[in-house]
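Summary of the model geometry
Residue strings, one per chain:
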Amino acid sequence: MKKKSAEQRQQEIKHQMRISAGLIKDVSPDVKEIVFEFKLKDPDGSIISPNYKPSYSSYKRLPQDSAFFQFECNNHECVNGGFGLTKEIKNMTHVHKLNSFGTLICQGWQDSERVDQHSCLNELTYSVRIVYWEKSQDRY
């Protein structure tokens, strides 16, 4: 039997966390949609290789989507990195907060050759807007 790589084990852990998180409609039934806007950049804020491209993205999650909010680092060589917003979203929905924004720093490693030596430190600047169902609206 083959041993699993560290990357395979990490993917399995994330998969289990996604399953455990449940669906938005089950965890936060008052949520109609969650809109994310992200700006990702390297620690210097510049393009230093093809794997470090500052990027901007916007998308939404709907009630039938997962309530697990872990986002990948934009450094394709990053090991065990990413950005976790699950706790932030949970706190927001608990108090019906509409907007949140902030910056997270990737705590992964720059690449597989630099594990335990050079942290990735890519930066995610985010804004989150949650739209809640009005009491008179039909749900799903």
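Residues numbered from 1 in each chain as written. Predicted model: local features only at pLDDT ≥ 70, side-chain atom pairs only at ≥ 80, totals over all residues. Heavy atoms only, no water.

**Focus on the packing of aromatic side chains**
For the record, the criterion: Only centres within 6.5 Å qualify two rings of Phe, Tyr or Trp (six-membered ring in Trp) as a pair; their planes then separate them into stacked at under 30 degrees, edge-to-face at over 60, and tilted for everything else. Categorising residues by exposure relies on relative accessible area from a 1.4 Å probe, with only protein chains included: less than 20% of the type maximum marks a residue as buried, more than 50% marks it as exposed, and the intermediate range marks it as partly exposed. Helix numbering and strand numbering both begin at the N terminus, where a helix is a DSSP run of H or I of at least 4 residues and a strand a DSSP run of E of at least 2.
Within the structure shown, the criterion is met by 7 aromatic pairs. Plain terms: the ring middles of F36 and F38 are 5.7 Å apart, the flat faces sit at 45° to each other, and that makes the pair tilted. Just as F36 is buried, F38 falls in that class too. Measuring from ring centre to ring centre gives 6.1 Å for Y59 and F71, while their planes differ by 65°; the resulting arrangement is edge-to-face. One end of the pair, Y59, is in strand β2 (residues 55-61); the other, F71, is in strand β3 (residues 70-71), with 12 residues separating them in the sequence. By relative accessible area, Y59 is classed as partly exposed at 28%. Note on F71: relative accessible area 8%, which makes it buried. In this structure an aromatic cluster arises from ring pairing among F36, F38, Y59, F69 and F71.

**Examining the layout of surface pockets**
Quick reminder of the rule: Buriedness for pockets is judged along seven lines, at least five of which must meet protein on both sides within 12 Å for an open set on the 1 Å grid over protein atoms alone, while cavities are sets there where a 1.4 Å probe fits but cannot get out, and lining residues have an atom within 4 Å of a point. Grid points are joined across faces, edges and corners, and a volume is the space filled by probe spheres set on the points. In the scheme used here, Gly and all other residues not listed as nonpolar or charged are polar, with Ala, Val, Leu, Ile, Met, Phe, Trp, Tyr, Cys and Pro taken as nonpolar and Asp, Glu, Lys and Arg as charged.
Within this model, the second largest pocket holds a volume of roughly 190 Å³. Looking at the lining of the second largest pocket, the elements with two or more residues in it are α2 (24-27), β1 (31-41) and α3 (86-94). Here the element with the most residues in the lining of the second largest pocket is α3; it accounts for 4 residues. Its residues assigned to classes, the lining of the second largest pocket shows 8 nonpolar, 3 polar and 1 charged.

**Re the environment of Y59**
Threshold: Only heavy atoms enter the contact rule, under which two residues are in contact if any of them lie within 4.5 Å.
C-alpha separation for the pair Y59 and F36, spaced 23 residues apart in sequence, amounts to 5.5 Å. Apart from the residues within four sequence positions on either side, Y59 is in contact with I34, V35, F36, F38 and F71.

**Some words on unusual backbone geometry**
A positive phi is found at H96, a non-glycine position, where the angle reads about 55°. Within the secondary structure layout, H96 lies in the loop between α3 and β5 (99-105). Owing to a relative accessible area of 39%, H96 belongs among the partly exposed residues under this scheme. Backbone geometry at L121 places phi at a positive 65°, although glycine is not the residue there. In this structure, L121 sits in the loop between β5 and β6 (123-132).

**Overview of the pattern of salt bridges**
Filter applied, for reference: By definition, a salt bridge exists where a carboxyl oxygen of Asp or Glu is found within 4 Å of a side-chain nitrogen of Lys or Arg.
Taken as a whole and assessed by the stated rule, the structure comprises 3 salt bridges. One salt bridge connects K14 with E72, and the closest N-O pair in it is separated by 3.3 Å. Taken as a pair, K14 in helix α1 (residues 6-21) and E72 in the loop between β3 and β4 (83-84) lie far apart in primary sequence, 58 residues in all. Note on K14: relative accessible area 11%, which makes it buried. E33 serves as the salt-bridge partner of K60, at 3.3 Å between the closest nitrogen and oxygen. One end of the pair, K60, is in strand β2; the other, E33, is in strand β1, and 27 residues separate them in sequence. A relative accessible area of 15% places E33 in the buried class.

**Some thoughts on the nonpolar core**
To keep it simple, the criterion reads: To define a nonpolar core, start from buried Ala, Val, Leu, Ile, Met, Phe, Trp, Tyr and Cys residues and group those joined through side-chain atoms within 4.5 Å.
Counting 24 residues, the largest nonpolar core has I34, F36, F69, L85, I89, V128 and I130 as the members making the most contacts within it. Those elements giving two or more residues to this core turn out to be β1, α3 and β6. When sequence neighbours within four positions are dropped, the list of residues in contact with I34 reads I24, Y59, K60, R61, F69, I89, V128, R129 and I130.

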